[in-house]
Amino acid sequence: MDAFSSTFLSTLSLHPKSLLSPNYSPNTSSSLALKVSSVRIEERPQTTTRTKPQEKPTPSPYTPPKDTPKRQLPTKSTTTKKTVKPSFPSVIFNAFDDFVNTFIDPPLKPSVDPKYILSNNFAPVDELPPTECEVVVGSLPPCLDGAYIRNGPNPQYLPRGPYHLFDGDGMLHCIKISQGKATLCSRYVKTYKYIIEREAGSPVIPNVFSGFNGLTASAARGAITAARAIAGQFNPTNGIGLANTSLALFGGKLFALGESDLPYAVKLAPDGDIITLGRYDFDGKLFMSMTAHPKIDPDTNEAFAFRYGPMPPFLTYFRIEPNGTKTPDVPIFSMTRPSFLHDFAITKKYAIFSDIQIGMNPLEFITGGSPVSSDSGKVPRLGVIPRYAKDESEMRWFDVPGFNIVHAINAWDEDDGDTIVMVAPNILSVEHTLERMDMIHASVEKVKIDLKSGMVSRHPVSTRNLDFGVINPAYVGKKNKYVYAAIGDPMPKIAGIAKLDVSVAEADRRECIVACRLFGEGCFGGEPFFVAKDPNNSAADEDDGYVVSYVHNEKTGESRFLVMDAKSPNLDIVTAVKLPRRVPYGFHGLFVRETDLRKLM
């Protein structure tokens, strides 16, 4: 980022050190004096139980080696746990697992070492029943009656071998707000994988992102997994997904999503407890898997989605009607190679897909290579298809060299549908995407596709390291002005939130950040989410609302739920809720209003 924008951002970041102080107010600064809530990670598998927030922490069993960055592994408070006596086959398979993880493929690199990856606030926590929270700054706005729920990886058991952040079991952290009061609840998504491993008392299904590197390791783990299936320890037809990525509300249901499996339907009890209803296939019409980032049109309430995989068709597009009926699949055979297609965008007329340099290579997977890798020789491209297409006959692909996106922020039509505009963070160091997330830098760009001429133009709207960008949900598929994005410090740690004005013209090459909030030294948050003050007021300003997020103070061990004024130049904090125990860093969240919670089926 140039000198001007660096100076500009620093002037917008007020009160960084006082953010999580119990006495914080926008006009004061005070020292941090917060209570630590710790958790202990077991070296050997144990069953999951509830955590008592006031229990004293147990000393950590792990001391990082000297060459590991200085991050402390927290401790995990425990209650009485039901001991699961492993079956004889489990003992044998676990012994083989230990042999592979000790002698064939030990987690030698920090990027796959669970004791490093799961340190500090990345460490898992136990489930927490609905527990009352304390509002320590301001008061909760009336428009926040409902629930903010955030998904993320939280492994049920400390992995025995290599581990990637994407491999953890899904846990939902929900702050339920009603009449100015709040309760926090943390529950695992009760996936098939979670249930069979809980019953077995140990991991059964290997980690996908980190468990198959090298021919020998892949063959060994593959053989053990096949033997477990033959022995009846699990049935792969029931899915092995984690449901750990995001949430979406459509078709009258609330779903926990992970792109390797079907959605899992969940709902909230009146007291704020989270209930998993089960794996959902839309009356047998959804096969295999679905994206974790469906797009819901705010005007029609339709959900647009897709799935991708390592076998043809590598991309399949579909939508779900407001009543929950899934439309027939539209296979996209013009995507000729398997690509890591995590997200996409819609406009009122089109759906836009990205074919990036990160892809899946089945042959490398079979021979022991990484299942996901980058190809520097591949030219990224964008695919455009009418959003109500019944086949791929109108699919068009446009080369966009150097444009690698994992998340899409928004897109819209211009010039009566002859031009498509898309806003997304472009990853500038794609080769590090999965292994070294701390080396990733993403620059938010605006891309224009002229459908008549076939010309594509693009320009950056911010050069700061930003991702997890969100907008006012009422503007999905329509021209929007404001984006709220997470500031990498580096990723996956999020140091603050930046508000961007993406309406700046291409000719005006200036930094588009118009507001910024840094969380302060040792404080890191998650993806922001925008909540409108009055979603039914069509005349309201686009940014008339609040930005919410969980924020954790690594120095004190305390987590808070922050409510920020989206219109203010410094994203002023209007409310801070002290949480009864820490909330680990995670992925994507969603705010669901009380009126919608009551309608959940």
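If you check an unreviewed UniProt entry, the protein appears there as Carotenoid cleavage dioxygenase 4-1 from Nicotiana tabacum. Checking UniProt for the protein, the heading Sequence similarities (unreviewed entry) contains the comment "Belongs to the carotenoid oxygenase family."

Okay, the overall build of the protein next. Per the secondary structure count, the protein includes seven helices and 35 strands. Among the 601 residues that make up the protein, the fraction classed as buried is 60%. The contacts of the protein with a sequence gap of at least 6 include a subset with a gap of at least 24, amounting to 64%. A total of about 24000 Å² of accessible surface is found on the protein, and carbon and sulfur atoms cover 55% of it.

All right, on to the environment of Tyr484 then. In this fold, Tyr484 is placed in strand β27 (residues 482-488). Separated by 63 residues in the primary sequence, Tyr484 and Val547 have C-alpha atoms spaced 8.0 Å apart. Ignoring sequence-local partners within four residues, the contact set of Tyr484 consists of Phe468, Gly469, Val470, Ile497, Ala498, Lys499, Pro528, Phe530, Asp543, Val547 and Ala566.

Okay, a nonpolar patch on the surface next. Taken together, the side chains of Phe88, Ile92 and Phe96 define a hydrophobic patch exposed on the protein surface, amounting to about 330 Å² of accessible area. By secondary structure assignment, the location of Ile92 is in helix α2 (residues 88-104).

This brings us to the nonpolar core. Within the largest apolar cluster, 57 residues are counted, with the highest numbers of intra-cluster contacts made by Tyr317, Phe344, Phe353, Ile385, Leu466 and Leu500. With near-sequence residues (within four places) excluded, Phe344 lies in contact with His293, Pro294, Lys295, Phe304, Ala305, Phe306, Tyr317, Ala351, Ile352, Phe353 and Ala408. With 45 residues, the next largest nonpolar core counts Ala200, Phe529, Val548 and Phe591 among its residues.

Using the criterion set out here, one finds four cavities of 30 Å³ or more in the structure. Quantified by volume, the largest cavity comes out at close to 350 Å³. Arg160, Pro203, Ile205, Pro206 and Asn207 are, among the 24 residues lining the largest cavity, the residues nearest its centre. Elements with a contribution of two residues or more to the lining of the largest cavity: α2, α4 (192-200) and α5 (215-230). When residues in the lining of the largest cavity are grouped by element, the largest group, four residues, is from α5. The class makeup of the residues in the lining of the largest cavity is 10 nonpolar, six polar and eight charged.

Burial runs high along β27: seven of the seven residues are buried. One ladder, built from three bridges, connects strand β26 (residues 466-470) with β27; its direction is antiparallel. Of the residues in β27, the one forming a bridge with Asp467 is Ala486. Across seven bridges, the pairing between β27 and strand β28 (residues 494-501) is antiparallel.

According to UniProt, the positions carrying the feature "binding site: Fe cation" (unreviewed entry) are His293, His342, His407 and His588. Annotated residues spanning 296 residues; largest pairwise C-alpha distance 12.9 Å, indicating a single compact cluster. Position of His293 among the secondary structure elements: in the loop between β11 (274-279) and β12 (295-296). The residues contacting His293, other than those within four sequence positions of it, are His342, Asp343, Phe344, His407 and His588. Structurally, the position occupied by His588 is in the loop between β34 (573-578) and β35 (589-593). Using a relative accessible area of 5% as the deciding quantity, one classes His588 as buried. Setting aside chain neighbours within four positions, we find His588 in contact with Arg150, Asn151, Thr245, Ser246, Leu247, His293, His342, His407, Phe468 and Glu527.

Cis rather than trans, the peptide bond between Pro312 and Pro313 has omega equal to -10°. Mapped onto the elements, Pro313 comes out in the loop between β13 (303-308) and β14 (315-320). Cis rather than trans, the peptide bond between Asp489 and Pro490 has omega equal to -10°. One non-glycine residue with positive phi stands out, namely Met288, at about 70°. Tracing the backbone through its elements, the reader meets Met288 in the loop between β11 and β12. Given the relative accessible area of 65%, Met288 is considered exposed.

This part takes up the sheet that holds strand β23 (residues 419-427). The four strands lie next to each other as β22-β23-β24-β25, forming an open sheet whose pairing is antiparallel. Unpaired on one side and paired on the other, β22 (410-414) and β25 (456-462) mark the two borders of the sheet. For this sheet, the mean angle separating the axes of adjacent strands, direction not counted, is 25°. Here six bridges tie strand β24 (residues 442-450) to β25, and the two strands are oriented antiparallel to one another. What sits directly across from Lys448, in β25, is Ser457.

One can find Arg581 in the loop between β34 and β35. For Arg581, a relative accessible area of 3% gives the class buried. Distance from Arg581 to Gly557, taken between C-alpha atoms, is 8.4 Å for residues 24 residues apart in sequence. Within the structure, the side chain of Arg581 is placed 3.4 Å from the side chain of Ser186, a separation counted as a polar contact.

About the cut-offs
- Residues numbered from 1 in each chain as written.
- Predicted model: local features only at pLDDT ≥ 70, side-chain atom pairs only at ≥ 80, totals over all residues.
- Heavy atoms only, no water.
- UniProt positions renumbered as here; feature names shortened; annotations may be inferred.
- Helix = DSSP H or I, 4+ residues; strand = E, 2+ residues; numbered from the N terminus.
- Buried < 20%, exposed > 50% of the residue type's maximum accessible area, 1.4 Å probe, protein only.
- Contact = heavy atoms within 4.5 Å.
- Areas by Shrake-Rupley, 256 points an atom, 1.4 Å probe, with all protein chains shown as cover.
- Patch = residues over 30% accessible without salt bridge, like charges linked within 9 Å, V, L, I, M, F, W, Y side chains within 5 Å.
- Salt bridge = Lys/Arg side-chain N within 4 Å of Asp/Glu carboxyl O.
- Core = buried A, V, L, I, M, F, W, Y, C linked by side-chain atoms within 4.5 Å.
- 1 Å grid on protein atoms, 1.4 Å probe; cavity = no way out; pocket = protein on both sides within 12 Å on 5 of 7 lines; lining within 4 Å.
- Points joined across faces, edges and corners; volume = space filled by probe spheres on them.
- Nonpolar A, V, L, I, M, F, W, Y, C, P; charged D, E, K, R; others polar.
- Pairing = 2+ DSSP bridges.
- Axes fitted to C-alpha atoms, helices over the stretch in contact; angles between N-to-C directions.
- Polar contact = N/O pair within 3.5 Å; in protein donor to acceptor, adjacent residues only side chain to side chain.

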